[in-house]
Amino acid sequence: MRTVPAYAAPSATEPLVPTTIERRDVGPTDVLIAIRYAGVCHSDIHTVRGEWGQIAYPQVVGHEIVGEVVEVGADVSKHAVGDRVGVGCMVNSCRECENCEAGMENYCLEGNTQTYAARDRDGSITQGGYSTHIVVDEDFVLKVPEAIPYEAAAPLLCAGITTYSPLAHWNAGPGKRVAVVGLGGLGHMAVKIAAAMGAEVTVLSQTLSKRDDGLSFGASDYYATSDAATWAKLRNSFDLIINTVSAPIDLRKYFSLLALDGTFVSVGAPAEPLPVNVFTLFNNRRSFAGSTIGGIAETQEMLDFCAEHGIAPEIELISADQINDAYERVLSSDVRYRFVIDTETIAG
């Protein structure tokens, strides 16, 4: 075991604090990564505050990780010392179920091993990327293309793949009308990716305060959901709606915006259940779906797609001592559009 600096939540109600954690020794198929940047995801906040269920404390979160390989196990063949790599929301899976064999480890029937707050294969609780180093099996390490700015690459490992996967699965592209609900960390990536795929993109946000940003990211239209006229004007308009917000919304109103055979996909995850009136799905043969991240192959596909199309998240780089302030700013929507921690500042 090795001891490395980190920032951890001591409880659900206390701020994150500097600490040290143990990382396992590098095994035959493991990669030791010196973390350079770690994104701040809304999921991190939900988790450490106990909003998605009880967890073990102290807990280090962070599942948007990029860094450099500094050591490899004897049997590693996919990565070498010096490689620029990334780690997303999972670090293992059963690898034997039909979903894993199909390359969808994110939907592992045994439950994939999450990058933090999960039971690891050695029985320990996984600790995430708000730290200086991490040890990960080579099969769950991604290659980060040089074309993607290093400091901006981390959010792609969650926000990027979380939006890319449903857009790809539901065939966003030329001739498809896609609406993105919310223009935050996830939403701005959904707009950029959908536009690069060739879809006609509309942003649905509470206000028009980010309209100029949305249009610059590739949206062709931008509407305020606080305006009653929006719902009448856009009725039956969209083939696909990607909901990125992690707060309760009126599903009935959003379903009314779907065209024939349209699908509403939630990637945002509010802590509260969302009631569904099935009668609103009957009209236009509408569908309501959910989507998580992608498998490892699809995540690499997303990184390569972003490199090819010049796509990167809009970020604000912060030091480790700004993490708690960043959490409050995320909750008040005061970020454009993703905080990224310079992990060199974790070591002090």
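Note that this is a predicted model, so its numbers are computed, not measured.

When you go through the chain residue by residue, the secondary structure sums to eleven helices and 17 strands. For 348 residues, the compact-globule estimate of 2.2 N^0.38 gives 20 Å, and the chain sits close to it at 20 Å. When its C-alpha atoms are laid out on the principal axes, the chain stretches across 60 × 40 × 35 Å. Scored against the burial criterion, the 348 residues of the chain give a buried share of 55%. Of all intrachain contacts in the chain linking residues separated by at least 6 positions in sequence, the fraction that spans at least 24 positions is 67%. Surface summary for the chain: the accessible area is close to 14,500 Å², and the carbon and sulfur share equals 49%. Within the chain, one finds 25 positive and 44 negative side-chain charges whose respective centroids are separated by 8 Å.

All right, on to the UniProt feature "domain: Enoyl reductase (ER)" (unreviewed entry) in the chain then. Residues annotated in UniProt with the feature "domain: Enoyl reductase (ER)" (unreviewed entry) correspond here to residues 11-341. Secondary structure across residues 11-341 comprises 25% helix and 25% strand; the distance between its end C-alpha atoms is 21 Å.

To continue, consider the nonpolar core. If you look at the biggest cluster of nonpolar residues, it comprises 61 residues, and the most contacted ones within it are Leu167, Val178, Val191 and Ile193. Among all residues touching Val191, those that are not within four sequence positions of it are Val180, Leu183, Val201, Val203, Gly214, Phe217, Gly218 and Ala219. With 25 residues, the next largest nonpolar core counts Val4, Val40, Val48 and Val335 among its residues.

We now examine the sheet that holds strand E10 (residues 177-181). The six strands are arranged E12-E11-E10-E13-E14-E15 in an open sheet whose pairing can be described as parallel. In the strand order of this sheet, the two ends are held by strand E12 (221-224) and strand E15 (287-290), each with one partner. Within the sheet, the average angular offset between the axes of one strand and its neighbour, ignoring direction, is 20 degrees. Two elements, E10 and strand E13 (residues 238-243), share four bridges in a ladder whose sense is parallel. The partner of Ala179 across the bridge, within E13, is Ile241. Packed onto the sheet, helix H4 (residues 159-169) meets E10, E13 and strand E14 (258-266) and runs at close to 160 degrees relative to E13.

Among the structural elements, Ile65 can be located in strand E4 (residues 65-72). Overall, the relative accessible area of 0% leaves Ile65 in the buried class. Taking the C-alpha atoms as reference points, Ile65 and Thr299, separated by 234 residues in sequence, lie 13 Å from one another.

All right, on to a negative patch on the surface then. Taken together, the side chains of Glu96, Glu98, Glu101 and Glu110 define an acidic patch exposed on the protein surface. When its relative accessible area of 63% is taken as the criterion, Glu101 is described as exposed.

Note that the residue after Tyr57, namely Pro58, is joined by a cis bond; omega there is -5 degrees. Here Pro58 is to be found in the loop between helix H1 (42-48) and E4. Backbone geometry places Arg95, a non-glycine residue, at a positive phi of 70 degrees. Checked against the element boundaries, Arg95 lands in the loop between strand E6 (90-92) and helix H2 (98-101). Positive phi, normally seen in glycine, also occurs at Asn236, with a value near 60 degrees. Looking at the secondary structure, you find Asn236 in the loop between helix H7 (228-233) and E13. For Asn236, a relative accessible area of 37% gives the class partly exposed.

It is worth spelling out the packing of aromatic side chains at this point. In total, this model carries nine aromatic pairs according to the counting rule given. Seen in terms of ring centroids, Phe217 and Tyr337 are 5.4 Å apart; in terms of plane orientation they differ by 80 degrees. Their pairing is edge-to-face. In this pair, Phe217 sits in the loop between helix H6 (211-216) and E12 while Tyr337 sits in the loop between helix H11 (323-331) and strand E17 (338-342), placing the two residues 120 residues apart along the sequence. Taken as a pair, Phe217 and Tyr337 share a single burial class, namely buried. Members of the aromatic cluster, connected to one another through ring pairs, are Trp231, Tyr254, Phe255, Phe264 and Phe288.

Both faces of the sheet carry side chains from a regular strand, because those side chains alternate between them. In this structure, strand E16 (residues 315-318) lies alongside E17, joined through four bridges in parallel fashion. Within E17, the residue paired with Leu317 across the bridge is Val340. As a crossover connection, the stretch from E16 through H11 into E17 is right-handed.

Turning next to the packing of H4 against helix H5 (residues 185-197). Where H4 contacts H5, the axes come no closer than 8 Å and their chain directions differ by 45 degrees. It follows that H4 is oblique to H5 by the angle criterion. You can see that H4 and H5 cross each other, and the crossing is right-handed. Between H4 and H5, the contacting residues are Ala159, Gly160, Thr162, Thr163, Tyr164, Leu167 and Ala168 on the first element and Gly185, Leu186, Met189, Ala190, Ile193, Ala194 and Met197 on the second. Here the residues of the contact of H4 with H5 are counted per class, giving ten nonpolar, four polar and no charged.

Criteria and thresholds
In this convention, every chain numbers its residues from 1, walking through the sequence in written order. At least 70 in pLDDT is required for a residue's local features to be given in this predicted model, at least 80 for side-chain atom pairs to be given and counted, and no such filter applies to totals for whole chains, interfaces and linings, which use all residues. Just so you know, side-chain values use all the structure's heavy atoms and leave hydrogens and water out. We count a stretch as a helix when DSSP gives it H or I for four or more residues in a row; a strand needs E for two or more, and each element gets its number in order from the N terminus. Values of the radius of gyration come from C-alpha atoms, whereas the globule rule sets the reference at 2.2 Å times the count of residues to the power 0.38. Partly exposed describes any residue whose relative accessible area lies between the buried limit of under 20% and the exposed limit of over 50%, with all areas from a 1.4 Å probe on protein chains only and scaled to the type maximum. Any two residues whose heavy atoms approach within 4.5 Å are treated as being in contact. Working definition of accessibility: Shrake-Rupley area with a 1.4 Å probe, residue cover restricted to the visible protein chains. When charges are counted, Lys and Arg are positive and Asp and Glu negative, with His and the chain ends excluded. Lysine's charge is taken at NZ, arginine's at CZ, aspartate's at CG and glutamate's at CD. UniProt positions are given in the numbering used here, feature names are shortened, and annotations may be inferred rather than shown by experiment. Here, nonpolar core refers to any group of buried Ala, Val, Leu, Ile, Met, Phe, Trp, Tyr and Cys residues whose side-chain atoms link them within 4.5 Å. Following DSSP output, two strands are said to pair if at least two bridges run between them. Here an angle of 0 to 180 degrees is reported between the N-to-C directions of two axes, which are lines fitted to C-alpha atoms, with helices fitted over the stretch in contact. Patch definition: residues above 30% relative accessible area lacking any salt bridge, with like charges linked at up to 9 Å and the nonpolar side chains Val, Leu, Ile, Met, Phe, Trp and Tyr linked at up to 5 Å. Salt bridges are defined as contacts in which a side-chain nitrogen from Lys or Arg sits within 4 Å of a carboxyl oxygen from Asp or Glu. Stacked, tilted and edge-to-face are the three classes applied to pairs of Phe, Tyr and Trp rings, where Trp contributes its six-membered ring and a pair requires centres within 6.5 Å; stacked means planes under 30 degrees apart, edge-to-face means over 60, and tilted covers the rest. If the strands point away from the viewer and the path from the first strand over the helix to the second runs clockwise, then the crossover is right-handed. Note on angle classes: values under 35 degrees are labelled roughly parallel, values over 145 roughly antiparallel, values of 65 to 115 roughly perpendicular, and the remainder oblique. Note: crossing handedness is left-handed where the near helix turns anticlockwise from the far helix by less than a right angle, and right-handed where it turns clockwise. Charged means Asp, Glu, Lys or Arg here, nonpolar means Ala, Val, Leu, Ile, Met, Phe, Trp, Tyr, Cys or Pro, and polar covers whatever is left, Gly included.

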